[in-house]
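This is what each chain is made of:
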Amino acid sequence: MTNPNPIDDTADDYSRFEARLVARDQDATRVVTADLGETTARQLVTELIDNSVVTPVPGKRVFIHEPSGTAFDSSTQLAVFHQGWTAARNADKEGE
């Protein structure tokens, strides 16, 4: 039996293609927080306050993220933290 022509062998191409598809799928499932603008952050924080997930501290301009007990002085920081915290909790639930 003769050796296959290396030019006609597409096994490596297929492996690289599969690796790119897997990487793209992983990117699609990740939570993106860099795209969170100030307006969106404020809206999210308002929703969290309405749902008793966040407690504002009057006079100190601080937000307390109740499930974690973490304090924030920026709505953007709080929103980004909450998205990451939620994603981690969801990943833990999926892993069980």
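Computed from a prediction, not measured in an experiment: that's the story for all the values here.

Participant: It is not clear to me how the nonpolar core should be interpreted in this structure. Could you clarify?
Facilitator: In globular proteins that are soluble, nonpolar side chains generally tend to be buried together. Formed by Leu36, Ala41, Leu44, Val45, Leu48, Val53, Val54, Phe63, Phe72, Leu78 and Ala79, the largest nonpolar core amounts to 11 residues. Taken together, the elements giving at least two residues each to this core come down to helix H2 (38–50) and helix H3 (75–95). Considering each element in turn, this core owes the most residues, 4 residues, to H2.

Participant: In this structure, what is going on with H2? I would like to understand it.
Facilitator: Counted at 1.5 Å a residue, the expected span for H2 with its 13 residues is 18 Å, and the 18 Å between its end C-alpha atoms agrees. Turning to H2, its buried residues number three or more, namely Ala41, Leu44, Val45 and Leu48. The buried residues of H2 occupy an angular sector of 100 degrees when projected down its axis, which confines them to one face. For H2, the exposed residues set more than 90 degrees away from the buried face come down to Thr39 and Asp50. With its phi angle positive at about 60 degrees, Ser52 sits one or two positions after the end of H2.

Participant: Please explain the pairing of strand E1 (residues 54–57) as it appears in this structure.
Facilitator: Two faces make up the sheet, and in a regular strand the side chains alternate between them. Of the strand pairs in this sheet, E1 and strand E2 (residues 62–65) are connected by 4 bridges, and their pairing is antiparallel. Across the sheet, Pro56 pairs through a bridge with Phe63, a residue of E2.

Participant: What exactly am I supposed to notice about the sheet that holds E1 here?
Facilitator: Paired through their backbone hydrogen bonds, the strands of a sheet run either parallel or antiparallel. Sheet architecture is open: 3 strands sit in the order E1-E2-E3, paired in antiparallel fashion. Whereas interior strands pair on both sides, the edge strands pair on one side only; in this sheet they are E1 and strand E3 (70–72). Strand-to-strand twist across the sheet, computed as the mean angle between neighbouring axes with direction ignored, equals 25 degrees.

Participant: How should the side chain of His65 be read in this particular structure?
Facilitator: Within the fold, His65 resides in strand E2. The residues contacting His65, other than those within four sequence positions of it, are Val53, Val54, Thr70, Phe72, Leu78, Phe81, His82 and Trp85.

Participant: Sorry, what's going on with unusual backbone geometry here?
Facilitator: Only a minority of non-glycine residues have a phi that is not negative, and only a minority of peptide bonds are not trans. In this structure, Ser52 takes a positive phi of about 60 degrees despite not being glycine. Along the chain, Ser52 falls in the loop between H2 and E1. Here the phi dihedral of Arg61 falls at roughly 55 degrees; this positive angle occurs in a residue that is not glycine. Residue placement: Arg61 occurs in the loop between E1 and E2.

Participant: Would you mind showing me how to read the pairing of E2 here?
Facilitator: Between E1 and the antiparallel strand that follows it, E2, lie 4 residues; Gly59 among them carries a positive phi value of about 85 degrees. In this sheet, E3 lies alongside E2 in antiparallel orientation, the contact comprising 3 bridges. Pairing of Phe63 across the sheet is with Phe72, part of E3. Hairpin connection between E2 and E3: a loop of 4 residues separates the two successive antiparallel strands, and Gly69 in this loop has a positive phi of roughly 75 degrees.

Scoring rules and cut-offs
- Residues numbered from 1 in each chain as written.
- Predicted model: local features only at pLDDT ≥ 70, side-chain atom pairs only at ≥ 80, totals over all residues.
- Heavy atoms only, no water.
- Core = buried A, V, L, I, M, F, W, Y, C linked by side-chain atoms within 4.5 Å.
- Buried < 20%, exposed > 50% of the residue type's maximum accessible area, 1.4 Å probe, protein only.
- Helix = DSSP H or I, 4+ residues; strand = E, 2+ residues; numbered from the N terminus.
- Expected span 1.5 Å × (residues − 1).
- Arc of directions from axis to C-beta.
- Pairing = 2+ DSSP bridges.
- Axes fitted to C-alpha atoms, helices over the stretch in contact; angles between N-to-C directions.
- Contact = heavy atoms within 4.5 Å.

Interpretation note: all reported values are geometric properties and have no functional meaning in isolation.
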